[in-house]
Structures are given as C-alpha cells and as structure tokens.
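# Survey of secondary and tertiary structure
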Amino acid sequence: MTVGTERLTRRMERGAAFLGSDVAIMAGAMSWVSERNLVSAMSNAGGFGVIACGAMTPELLDTEIAATKALTQRPFGVNLITMHPALFDLIAVCARHEVGHVVLAGGLPPKGSLEAIKASGAKVICFAPTLAMAKKLIRSGVDALVIEGMEAGGHIGPVSTSVLAQEMLPEIADLVPVFVAGGIGRGEAIAGYLDMGAAGVQLGTRFVCATESIAHANFKKAFIRASARDAVASVQIDPRLPVIPVRALKNAGGELFTAKQREVAQSLDEGGVAMAEAQLQIEHYWAGALRRAVVDGDIEHGSVMAGQSVGMVTKVEPIAEIIATLMTEAASALEKRAG
Ligand SMILES: Cc1cc2nc3c(=O)[nH]c(=O)nc-3n(C[C@H](O)[C@H](O)[C@H](O)COP(=O)(O)O)c2cc1C
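Overview of the structure.

Taken together, 18 residues form the shell around the ligand, and within it Ala-29, Ser-31, Glu-148, Gly-183 and Thr-205 come nearest. A distance of 2.6 Å separates an oxygen atom of the ligand from a polar atom in the side chain of Ser-31. In this structure, an oxygen atom belonging to the ligand sits 2.7 Å away from a main-chain N or O atom of Gly-183. Contact with the protein chains covers 94% of the free accessible surface of the ligand, which is 610 Å². Taken together, the residues of the shell around the ligand sort by class into seven nonpolar, nine polar and two charged.

The structure is reproduced here in structure tokens:
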C-alpha cells in the first residue's frame, strides 16, 4: 500500500463504516438510471449504490428492491422523495426488505418520517441545503447528511459545492458523517473534500455512462459529447411563474420551455388564463421528460439532466473501473501532499 492509498483509506474509514461499503463513494440516486443494474454494480464494485424511487408505486419499489437484492449481497440504499403521496408506504416497503439506509430527498422530511425509518432499524440520510437546516436535521436525529452544490445534475439549489463545503464542514463534520456532492468528476476533488472533513462523497453524472447503466445509448452519447458549459440550469423568465431549477444539457426542449413560459406569461397578462392554471402549465411542462430522455432516448425534447462534471465523462466503461480511477486519482493527490 502506498502512502497515498493509506491516507485515503484512513480518510474514508468513517464514511465506509457508516455505509458498510469498501469505499466512501455513493452513486447518488438518479431517477430512471439508478435501478437494479447500476445500483447492484456500484455496490458490488465496493461503492454504495442507491435506488431512485422517484414516482414509483410501493409495489414497483418492492419489486426493484427484491431484484437488486438478487444481484448483490452488499449494502445499498433507497432514495425516497419527501413529497411522494405514499411516502409512509414506501418506508414500510424498505423496512420489510430491511434496507439499511434510506435517503430522503426533495425537501424537509415530513413529520414522523424520520421516526418511521429509524424504527425499522435503517439509517436516515438527508440533504442539508443550509447550515441552519443541517443543524436542525442533526437535532432531529438524522444519521448522516449530503450537502449538494449547484454544479450537480438534476434539481439544484443556488449555492456552489465549494462554498457549501467551506461553510458547513467545519461546523457539522464532527457531529454526523457528511457526504459532499455536486461537480465531482475526479479523485483529486474527492481528496480535497475528505481533507476538509467530509466522510465521503456522492457522484451522479460520472456514473451515468457506466457500462451497467441502462440509460439509452443516445443519453450516454450526449454525455460523452457534452462539455461543462452545456449543462445549464433552467431559467425562470417571469416572477409569477415559479420554475424549479434543474441542471440539464441544453437542447430543443429547453428552448421550447422558455418559449412556453413567454406564451403563458402573455396569456396571463391578457387575462386568457388564471394564475393557478398558468402555474400548473409551467409545473407540468417537464412531466415525464427525464424518462423520455433516459428510457426512450429522445435527447432533443426530453430532459437530459447532467451536472457540470459531464465534460469529464469521456467513455462508456464498467463502474468498477470508474471507482478504481477515482481512487487512484485521490490516492495520488494525497501522496503528493506528503512532499
Ligand atoms: C439524470 C439525473 C437524475 C437524478 N435524479 C435524482 C433523483 O431522482 N433524486 C435525487 O435525490 N437526486 C437525483 N439526482 C442527483 C444525484 O443523486 C446526485 O446527487 C448528483 O448527480 C451529484 O452531482 P453530480 O451530478 O455533479 O455528480 C439526479 C442526477 C442526475 C444527473
């Protein structure tokens, strides 16, 4: 073992022990992408895979967990969206399967949800958007936190990973394991966040083009072609019509969305549509769009969610190789630090 590898193992010890994995790298849940194949491959490679429940029904989640268990003996997690109408049924499905880690995403955990998950013996991981919220979540009993910057793919907050890490790690890293996410494409960055006190990291974009990922070939090709500046956040053009910021590759769908916002705003001005209906039209615009891109391969009109690290995705390769590359880069960065 080199000095760098030893240092990396030591810095990842706490995160890996918490996850029950060999390395403290999580593959963040990605709706339609993070299903049985990618999740089991990630966990089998020594990392930690997370099933994206998304809008699945409890029955579908039940099937997906069972299928994942058939493909790996290693621990994996399940990501549940807090506003899912059947959240408590989904928690019960995870409990029945004795899933060890439940990740709650998409907003603050509703009343009773943390308790319900912990009662099953599972650990709860939440996203902390601000330091105040992180402290509140820790007081409520979460077992670990993810802090995710706006470089990430998918739904994003307004602050960059580097700023969140500086603001939050010194205050909370000693209290619970903290995993840093957003914009990580290489191991040197992993080494940096570990040095700052992170217990581990979570990556999404970097794993989309894994051989084991079932994402459509068009989706993977779009990732391999794209550079950082192609992964843009959705823009809101009218203060009356809220748009949830999502980072995705620029395409025709994105341009049409801007046109749609203009059209709806004009219709509002002219009294052609009521406010509630107008907001609903905007909210529903992207419904089914991620599936369209990931599953059907329509990368022009679907939503090709991708983070800014997409420029560092250059080929389709087995997930074990991606992990090995990240670990080698991280170890060599830590090795250099000695000199
Ligand atoms: C295609 C795609 C879909 C995603 N879907 C979800 C999701 O359903 N739930 C969730 O919590 N995060 C989702 N994410 C975020 C990832 O879990 C992860 O936190 C993020 O990708 C990390 O940042 P990175 O893309 O810069 O590596 C998604 C990301 C991508 C790229």
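Bringing the sheet that holds strand β6 (residues 144–148) into the picture now. Spatially, eight strands are ordered β1-β2-β3-β4-β5-β6-β8-β9 in a closed barrel, and the strand pairing comes out parallel. Ignoring which end each strand starts from, the neighbouring axes of this sheet average 25° apart. One ladder, built from three bridges, connects strand β1 (residues 25–27) with strand β9 (residues 200–203); its direction is parallel. Across the sheet, residue Ala-27 finds its bridge partner in β9, namely Leu-203. Sitting on the sheet, helix α1 (residues 3–19) is in contact with β1, β2 (48–52), β4 (101–105), β5 (123–127), β6 and β8 (178–181), with an inclination near 100° to β8.

Turning next to the pattern of salt bridges. Throughout the structure, instances matching the rule amount to 12 salt bridges. Between Asp-143 and Lys-118 there is a salt bridge, with its nearest N and O atoms 3.0 Å apart. Here Asp-143, found in the loop between α6 (131–140) and β6, pairs with Lys-118, found in helix α5 (residues 113–119); they are 25 residues apart in sequence, far enough to count as distant. You can call Lys-118 partly exposed: its relative accessible area is 34%.

What α6 keeps buried is the set Ala-134, Leu-137 and Ile-138. Buried positions in α6, seen along its axis, are confined to an arc of 100° and lie on one side of it. Opposite the buried face of α6, by more than 90 degrees, sit the exposed residues Ala-132 and Arg-139. In the core, the buried residues of α6 are packed alongside β5, β6 and α7 (161–172).

Structurally, the position occupied by Thr-161 is in helix α7. Residue classification places Thr-161 among the buried positions, given a relative accessible area of 1%. Only 2.8 Å separates the side chain of Thr-161 from the side chain of Glu-151, close enough to count as a polar contact. Residues contacting Thr-161, with those up to four places away along its chain left out, are Gly-149, Met-150, Glu-151, Val-180, Ala-181, Gly-182 and Tyr-193.

What counts, and where the lines are drawn
- Residues numbered from 1 in each chain as written.
- Predicted model: local features only at pLDDT ≥ 70, side-chain atom pairs only at ≥ 80, totals over all residues.
- Heavy atoms only, no water.
- Near = heavy atom within 4 Å.
- Polar contact = N/O pair within 3.5 Å; in protein donor to acceptor, adjacent residues only side chain to side chain.
- Areas by Shrake-Rupley, 256 points an atom, 1.4 Å probe, with all protein chains shown as cover.
- Nonpolar A, V, L, I, M, F, W, Y, C, P; charged D, E, K, R; others polar.
- Pairing = 2+ DSSP bridges.
- Helix = DSSP H or I, 4+ residues; strand = E, 2+ residues; numbered from the N terminus.
- Axes fitted to C-alpha atoms, helices over the stretch in contact; angles between N-to-C directions.
- Contact = heavy atoms within 4.5 Å.
- Salt bridge = Lys/Arg side-chain N within 4 Å of Asp/Glu carboxyl O.
- Buried < 20%, exposed > 50% of the residue type's maximum accessible area, 1.4 Å probe, protein only.
- Arc of directions from axis to C-beta.

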